[in-house]
Amino acid sequence: MAVAPQPDILKAPLVVEFPFTRSLGPVQAAFLSGLRHRTVLGVRTTDDRVLVPPVEYDPVTAAEIRDLVEVGDTGTVTTWAWNPAPRRGQPLDTPFAWVLVKLDGADTALLHALDATGPDAVHSGLRVRVRWAAERTGAITDIACFEPDDSTPEQIRPAPHTGEFEDGVTGIVAAARLDYTYSPGGAQSRYINALADNRTVGERCPSCRKVYVPPRGACPTCGVATTEQVEVGPAGTVTTYCIVNVKAKNLDIELPYVYAHIALDGADLALHGRIGGIPYDQVRMGLRVEPVWTEGGRYPDHYRPTGEPDADYDTYKELI
Amino acid sequence: MRPPIRDIAVVAFGQTDHRRTTEEQSEVEMLMPVLHQVLDATGLKTSDIGFTCSGSSDYLAGRAFSFTMALDGVGAWPPISESHVEMDGAWALYEAWTKLLTGDADTALVYSYGKSSPGSVRDVLTRQLDPYYVAPLWPDSVALAALQAQALIDAGHTDEPALAGVAARSRADAAGNPHAQLRGADVPHGDYVVQPLRTGDCPPIGDGAAAVILAAGDRARELCERPAWISGIDHRIEAHSLGVRDLTDSPSTRLAAENAGLFERPVDTAELHAPFSSQEVVLRKVLRLGDDVAVNPSGGALAANPVMAAGLIRIGEAAARIHRGESRRALAHATSGPCLQQNLVAVLEGRQGEDR
C-alpha cells in the first residue's frame, strides 16, 4: 500500500472563449439598429416614463411595452466611478470614468464609459454627449463612449419613432473570453504525473475498497476521500465499444476507428481509450488490450490487443 | 407574516479556512472536509440525509460540470435526492428549506463552494450581466460597486472615511475568526481600485467552501442542543437594468425582510453579505439596524468572500452564534449580482428552554 504523497502542483493556462449568438426582441432590435444610425431610442412605460436603454417588458408591471421614442444624444451623469486601469474588452484603453447617463428625454440611465482627462473633471450632474464609433454594427459598442459637453438639458417630450431602420439588426454576436490557470487538484495531479511515467495509478476508497481510475479524489458511493494509490493494469479488458465514423477536429486518425471502455486489471471503473493494432470490425467485448505509449507521451496513444484469450463475460460484467 | 408551516432549523455549520488560493485541491477535495465536519457534528451519515442542495458556478474556476464532481463528496451514487443552483449557497438553503416544508424530507445538507483563484473574478462576474447592453462593455464587479458607492456619497449617505471605517471594523472583528482571509487592525486601506473604492473597500479574492445541515421539528432538537430556528426567510430581486434602479436604496432587501418577519421584533446580531463597504451602508439603512446590533461579528464578506459560499456563510455564522448561546435572534442576509441585485433575508431564533 502506498499512501498518496502530496504531488507537484500541476498548472496550465486555460482559455475559455466563445461567441454568443443572440437574437433580439423587437425593442432591443430597434434600439441597436438605431445606434447604427446614430439614433438613440427609448421605450415608454405604462406609467409614461421613458426607459433608455429600452426593454421589452415594463420592469414594474411586466406589461409588454412597444411605444418607441427618440431621445437625445446628450445627457447628464447620474453617478460615476473613475477607472484608473482599464481591463480587456472595456470601451477605452486609457483611464476613463464609468458613468450612468440619463439622456435628454429619458427617465432612466444608460451605463457606458466617459472619456475625461481625470477624476477631477468628472462629477454627477456633468453634461455629456455620445461619441459615436466610426464603424457601427448594431451593438451597444456603436456608442464608443461619452465625452464632456457644454449643452444645456433639453426639456422636450421625446417624439414617437417607428423603430424601423435600413439594415436593421435582429441579433448580436457577443464574443466572450475568460483566461484561467487550471490546476486539477491532488488526485488528478497524482494520476497525471504517474501517466507521464507510463504507469496508470488509481485510488482506493478506504470504505468500500473500490479502486477508481482515473481518480477524482472522492468515492461517489461513500463520500470519503480516496487516499491510497494503487497501480493498475497495464493490461485490461474491453467492456464495451463503439465504431467512430466521424472525423474529429485536429485529430489525425484514420476512419473508422474504435473507441472503447477498458477495465484495466485491478480497477473497479472502466476508463476509455482508442483501440488500435486490430481491424475495427474485429474488436469485441472481452478483448484483452494493453496501452501503447509513444516517445515522450504523457498518456497512452491507444490500446492494442495483448494476444491473450478473451476475458470471460462474468469477469467484467459489473464494470460495463 | 405568517409563520412557516413547519419548524426548520440550522443544526450544524462548517466552513473552510478561506485562502487566496487552493491550487493543490480540486473543488471536491476542498469541500469534503467541510461536509464531514457538519455530518460529524450531528452524527449523521450521508445516507441519513433526506435532501442535498448545492450552490456553485463553473465559470469561477473555468471547470465545466465541477458541481457534478463535487457531488462525489456527498456519496451521490446510487442516486440521491439532490439539486443544484447556479447561485450562492444561501439560495440552495432556501430550496432545501422549501423541500423540508413539504414534509418530503426531515434533514437537508446544503453546501456551496467557490474557487476564484484560477480566474479573474472581476471579469468572470461580467458574464452574469445583461448580455445585450451591459456585458459587451465588460464592466467589472468593482466598477459597478463603485458607481453605487459614488451615488451613496452624492446622496450624503456616506463618505470615503466612513467607508474606510466599515472596512477597518470588519477586519478588526475578523481577528476572532480563524477562517477569515483578511484579519486584524493592520489591513491597509490601499489605493483606488475604481474610485471611490479603495483596495480596503473591496473583498479579498479567494477560495473556500461552507456547509449547513437543516432539520425539521423534533429531528432538529435531537441533532442540536440549541437549534437556530428559521422563523422567516424570503428573497427578492431588483429590476435588472442598473439605470432603472435607485442605487442608494434596496427595496428588494426591505421587502424580503418584511416577509421574513424581521421588523416584528429586534435582532441582536446581523450577518450582512456586503462584499463592498458601501453596500453595508445601504443594508443597514433598509434593515433599520441600530448601533445596538452586532453587525458582522465574523468580519463579513470584507474578511472572506468565497464567491457562491459567502452568503451561505452569513446564515451559518448567524446560526452558529445561536448554537453557542451568543444570540437569541439573528438576521442573516445574502446577495447576488451587481450592486445588491438580488437579496435574501433569513431570521434565525433560539428558543426559551433550549438555552444552555
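Residues numbered from 1 in each chain as written. Chains lettered and ligands numbered in written order. Predicted model: local features only at pLDDT ≥ 70, side-chain atom pairs only at ≥ 80, totals over all residues.

1. With respect to the overall build of chain B
Stage number 1. Across its full length, chain B holds eleven helices and twelve strands.
Stage number 2. Computed over the C-alpha atoms, the radius of gyration of chain B is 19 Å, within 12% of the 21 Å expected from 2.2 N^0.38 for a compact globule of 356 residues.
Stage number 3. Seen along its three principal axes, the alpha-carbon backbone of chain B occupies a region of about 50 × 45 × 40 Å.
Stage number 4. A total of 356 residues make up chain B; the buried ones form 65% of that total. (Helix = DSSP H or I, 4+ residues; strand = E, 2+ residues; numbered from the N terminus. Rg over C-alpha atoms; globule rule 2.2 N^0.38 Å. Buried ≥ 20, exposed ≤ 12 C-beta atoms within 10 Å, placed from the backbone.)

2. Points about the overall build of chain A
Stage number 1. Check the secondary structure of chain A and you find three helices and 20 strands.
Stage number 2. Overall size of chain A, expressed as C-alpha extent along the three principal axes, is 90 × 45 × 40 Å.
Stage number 3. Looking at chain A as a whole, 38% of its 320 residues qualify as buried.
Stage number 4. The long-range fraction of contacts in chain A, counting pairs at least 24 apart against all pairs at least 6 apart in sequence, stands at 58%. (Contact = placed C-beta atoms within 7 Å.)

3. Regarding unusual backbone geometry
Stage number 1. A cis amide bond links Gly 233 of chain A to the next residue, Pro 234 of chain A, at an omega of 5°.
Stage number 2. Relative to the helices and strands, Pro 234 of chain A is located in the loop between strand S15 (228–232) and strand S16 (236–244).
Stage number 3. A cis amide bond links Gln 195 of chain B with the next residue in sequence, Pro 196 of chain B, at an omega value of 15°.
Stage number 4. Positionally, Pro 196 of chain B belongs in the loop between strand S5 (192–194) and strand S6 (197–198).
Stage number 5. Despite not being glycine, Arg 38 of chain A shows a phi value in the positive range, around 55°.
Stage number 6. Its location among the elements puts Arg 38 of chain A in the loop between helix H1 (26–36) and strand S3 (40–44).

4. A word on the interface of chain A and chain B
Stage number 1. Taken together, the contact pairs 56 residues of chain A with 48 residues of chain B.
Stage number 2. Contributing elements (two or more residues each) for the side of chain A that touches chain B: strand S2 (12–23), strand S6 (74–83), strand S7 (96–103), strand S8 (110–114), strand S12 (171–182) and helix H2 (186–196) of chain A.
Stage number 3. The element contributing the most residues to the side of chain A that touches chain B is S12 of chain A, with eight residues.

5. Remarks on the domain arrangement of chain B
All names here are of chain B.
Stage number 1. Taken domain by domain, chain B comprises domain 1 (8–120 + 204–223) and domain 2 (122–203 + 232–348).
Stage number 2. Taking only C-alpha atoms, the centre of domain 1 and the centre of domain 2 are 22 Å apart.
Stage number 3. The interface of domain 1 with domain 2 comprises 35 residues on the first partner and 30 residues on the second.
Stage number 4. Listing elements by their share of the side of domain 1 that touches domain 2, those giving two or more residues are strand S1 (8–15), helix H2 (58–61), helix H4 (89–101), strand S4 (107–115) and strand S7 (207–216).
Stage number 5. For the side of domain 1 that touches domain 2, the leading source of residues is H4, giving six residues. (Domains from an automatic or database assignment.)

6. What to know about the domain arrangement of chain A
Note on interface size: it is often stated as the accessible area lost on association of the parts.
Stage number 1. Structurally, chain A comprises domain 1 (25–169) and domain 2 (184–319).
Stage number 2. The distance between the C-alpha centroids of domain 1 of chain A and domain 2 of chain A comes to 57 Å.

7. Side note on the packing of H4 of chain B against helix H11 (residues 310–323) of chain B
When two helices pack together, their arrangement is given by the angle between the helix axes and the distance between those axes.
All names here are of chain B.
Stage number 1. As a packed pair, H4 and H11 sit with axes 5 Å apart at the nearest point and diverge in direction by 60°. Taken together, H4 and H11 sit at an angle that is classed as oblique. Residue-level inspection shows Gly 89, Ala 90 and Leu 93 of H4 in contact with H11, the latter providing Gly 311, Leu 312, Arg 314 and Ile 315.
Stage number 2. The residue makeup of the contact of H4 with H11, split by class, is four nonpolar, two polar and one charged. (Axes fitted to C-alpha atoms, helices over the stretch in contact; angles between N-to-C directions. Parallel < 35°, antiparallel > 145°, perpendicular 65-115°, else oblique. Nonpolar A, V, L, I, M, F, W, Y, C, P; charged D, E, K, R; others polar.)

8. Digging into the sheet that holds strand S4 (residues 50–51) of chain A
Hydrogen bonds between backbone atoms are what pair the strands of a sheet, whose relative direction is either parallel or antiparallel.
All names here are of chain A.
Stage number 1. Read across the open sheet, the four strands follow the order S4-S3-S5-S11; overall the sheet is antiparallel. Whereas interior strands pair on both sides, the edge strands pair on one side only; in this sheet they are S4 and strand S11 (159–160).
Stage number 2. Relative to strand S5 (residues 68–71), S3 runs antiparallel, the two sharing four bridges. Note on S5: the bridge partner recorded for Leu 41 is Glu 70.
Stage number 3. This element, H1, spans S3 and S5 of the sheet and lies at about 155° to S3. (Pairing = 2+ DSSP bridges.)

9. Focus on H1 of chain A
Residues and elements named next belong to chain A.
Stage number 1. The element H1 is extensively covered by neighbouring structure, given that ten of its eleven residues are classed as buried.
Stage number 2. Taken as a whole, H1 has its buried residues at Val 27, Gln 28, Ala 29, Ala 30, Phe 31, Leu 32, Ser 33, Gly 34, Leu 35 and Arg 36.
Stage number 3. Looking at the buried residues of H1, the elements they touch are S3, S5, strand S10 (143–148) and S12.
Stage number 4. Looking one or two residues past H1, Arg 38 carries a phi angle of roughly 55°, positive in sign.

10. Focus: the sheet that holds strand S3 (residues 82–85) of chain B
All names here are of chain B.
Stage number 1. In spatial order, the strands read S3-S2-S4-S7-S1-S8-S12-S11-S9-S10; together these ten strands make up an open sheet with mixed pairing. Each edge of the sheet is formed by a strand with only one pairing partner; in this case those strands are S3 and strand S10 (294–295).
Stage number 2. By the bridge criterion, four bridges tie strand S2 (residues 51–55) to S3 in an arrangement that is parallel. Within S3, the residue paired with Cys 53 across the bridge is Ser 83.

11. A few points about the confidence of the model for chain B
Stage number 1. Averaged over all residues, the pLDDT of chain B is 95; the fraction at 70 or higher stands at 99%.
Stage number 2. Confidence metrics for the complex model read pTM 0.95 and ipTM 0.95. (pLDDT = per-residue confidence, 0-100.)

12. A few points about the environment of His 157 of chain B
All names here are of chain B.
Stage number 1. Following the sequence through the fold, His 157 ends up in the loop between helix H6 (141–154) and helix H7 (160–173).
Stage number 2. Judged by the 17 C-beta atoms lying within 10 Å of it, His 157 falls in the partly exposed class.
Stage number 3. For the pair His 157 and Val 281, spaced 124 residues apart in the sequence, the C-alpha separation amounts to 7.5 Å.
Stage number 4. Setting aside anything within four residues of it in sequence, one finds His 157 in contact with Leu 152, Thr 248 and Val 281.

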